[in-house]
Amino acid sequence: MKNKKRSWLLLSAFQLLFAVFLSAQTKQKADLIVTGGMVVTMDGPRSIYDDGAVAVTGDTIIAVGPRAEIEARYTASQTIDAKNKLVLPGFINGHTHVPMTLFRGIHDDVTLNDWLYKYIFPAEAKNVTEEFVRWGTRLAVAEQIRSGVTTFADMYYFEDAVAEETKAAGMRGVLGETFIDFPAPDNKTNAAMLAYTEKFLQKWQGDPLIHAAPAPHSIYTCSQKTLQDAAALARKYHAPILIHVAEMKKELDDSKKQNGMSPVQYLEKIGVLGPDVIAAHCIFVDEADRKTLAQRQVGCVHNPSSNMMIASGVSPVPEMRAAGIAVGLGTDGPAGSNNDLDLMEEIDLAAKLAKITKMDPLAINAKAVVEMATIDGARALHMEKEIGSLEKGKKADLILISLDEPNAVPMYEVYAAIAYSLKASDIENVIIGGKVVMRDRKLLTVNEQEAIAKAREYKKKVAASLGMQ
Ligand SMILES: [Zn+2]
């Protein structure tokens, strides 16, 4: 009897060991597991796992699901505990001009026209060099990572330097070299602009983080030929086209006078619109324009802070979404039309601006604005196969937001918490392409202190160049 019991015990011990051995054998190896948080995937059914996990190999997500399931299937060399945190896809800033961080606050509370012609154009002519662009970008990547941005779309000069700094910080960027019909800080002629941009597009072909693009500034600063040249170049290299569209009432009025049609119809007529276009603002777009934008699968980017600060008007976001247009969110700025790169603020304001404009609190809801910052932002940049949600096969761009904050509790509804109560300062960890770029609020890929010190130095130079104190 005793022997029988002992052999039974031995047998079960053996079985247990065997089971452990088997499960260790069958567990797949991942590089990183983020586990134990509330995972808000933004996938098709908008799945949420209260106690979830995300497994990552290389720069790609290999599994998302309940923690128990993921932990049973995977082991990893690196684990991040996400208990009491939200795990979200990284935010997408669909429109900005990052080197302009160094002009932040140069002159505010003026009309757009005064701001442009009295301050920004002279300041740019006197100060913007490749070095300036590098330091402005370093400051901007630090600020953006802190606000949970993992991908941004940019339009500026010396964009190759923006690309190098973005890549060095491990961020994802759709980076547009500006086409404009006056001598720019980098290229003095249209021929130089075309040559620079073609080289820029060739250099970054196939890069996992950087998507180089031509960025014809707008219909009011570019001739028909410049617009068409930029589009042709983009299409030769399968690159996107970044452009400001219908951002001012004057642009609409002038287009009607000069072209006999709206800015959207003019761009359609000259063959620029297509499923590779990323149109910032789209404020003055009527029903016919919205139909055209939807048919051509143009991605639109709404910039609520900028719309309000410049008092340029309000983009008809609910109508654009209803027409089937992918609408993302952007900060614009960061100088003159916003002054920061905090995308969480845009999520909040996008909802509130639509509500007050329509005098209807149901005009747009929290879930919709979170979609605009993530999956719809990805659709607007034509990158929805790559980013925008936490799904197997997508890039591992994710953020962890602390819920152990006074402003985070209690949490009844997660989308409302993201849109209205959580702040960028609650973001603790940011991972881009499987690489941790911010851990416990510490930036790992950019020297933040150096960028801050340099920004103070630039302020003195810029102020002196304009004869300011
Ligand atoms: Zn802009």
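Residues numbered from 1 in each chain as written. Predicted model: local features only at pLDDT ≥ 70, side-chain atom pairs only at ≥ 80, totals over all residues. Heavy atoms only, no water.

A few words on the overall build of the protein chain. A count of helical and extended segments in the protein chain gives 17 helices and 17 strands. A compact globule built from 469 residues would reach a C-alpha radius of gyration of about 23 Å, and the protein chain, at 24 Å, matches this within 12%. Taken along its principal axes, the extent of the C-alpha atoms in the protein chain is 100 × 45 × 45 Å. Put simply, 72% of the contacts in the protein chain that link residues at least 6 apart link residues at least 24 apart. Element-wise, carbon and sulfur atoms account for 55% of the exposed surface of the protein chain, whose accessible area totals about 19,900 Å². The averaged location of the 58 negative side-chain charges in the protein chain is 6 Å from the averaged location of its 53 positive side-chain charges. (Helix = DSSP H or I, 4+ residues; strand = E, 2+ residues; numbered from the N terminus. Rg over C-alpha atoms; globule rule 2.2 N^0.38 Å. Contact = heavy atoms within 4.5 Å. Areas by Shrake-Rupley, 256 points an atom, 1.4 Å probe, with all protein chains shown as cover. Lys, Arg positive; Asp, Glu negative; His and termini not counted. Charge placed at Lys NZ, Arg CZ, Asp CG, Glu CD.)

Across the sheet, four strands lie side by side as β10-β11-β12-β13; this open sheet has parallel pairing. Lying at the two open borders of the sheet, with one neighbouring strand each, are β10 (241-245) and β13 (327-329). Adjacent strand axes in the sheet meet at a mean angle of 30° when their direction is disregarded. (Pairing = 2+ DSSP bridges. Axes fitted to C-alpha atoms, helices over the stretch in contact; angles between N-to-C directions.)

So, about the pattern of salt bridges. In total, this model carries 33 salt bridges according to the counting rule given. Across the pair Lys 118 and Asp 114 runs a salt bridge, and its minimum N-O distance is 3.7 Å. In this pair, Lys 118 and Asp 114 both sit in helix α3 (residues 112-127), four residues apart, roughly one turn of the helix. With a closest N to O distance of 2.3 Å, Lys 358 and Glu 319 form a salt bridge. Of this pair, Lys 358 sits in helix α13 (residues 343-358) while Glu 319 sits in helix α12 (residues 317-322), and the two are 39 residues apart along the sequence. The exposure class of Lys 358 is partly exposed, given its relative accessible area of 38%. Judged by its relative accessible area of 26%, Glu 319 falls in the partly exposed class. One connected set of salt bridges, linked through shared partners, spans Glu 130, Arg 134, Arg 138, Asp 160, Glu 164, Glu 165 and Lys 203. (Salt bridge = Lys/Arg side-chain N within 4 Å of Asp/Glu carboxyl O. Buried < 20%, exposed > 50% of the residue type's maximum accessible area, 1.4 Å probe, protein only.)

This is a description of form; function is not addressed.
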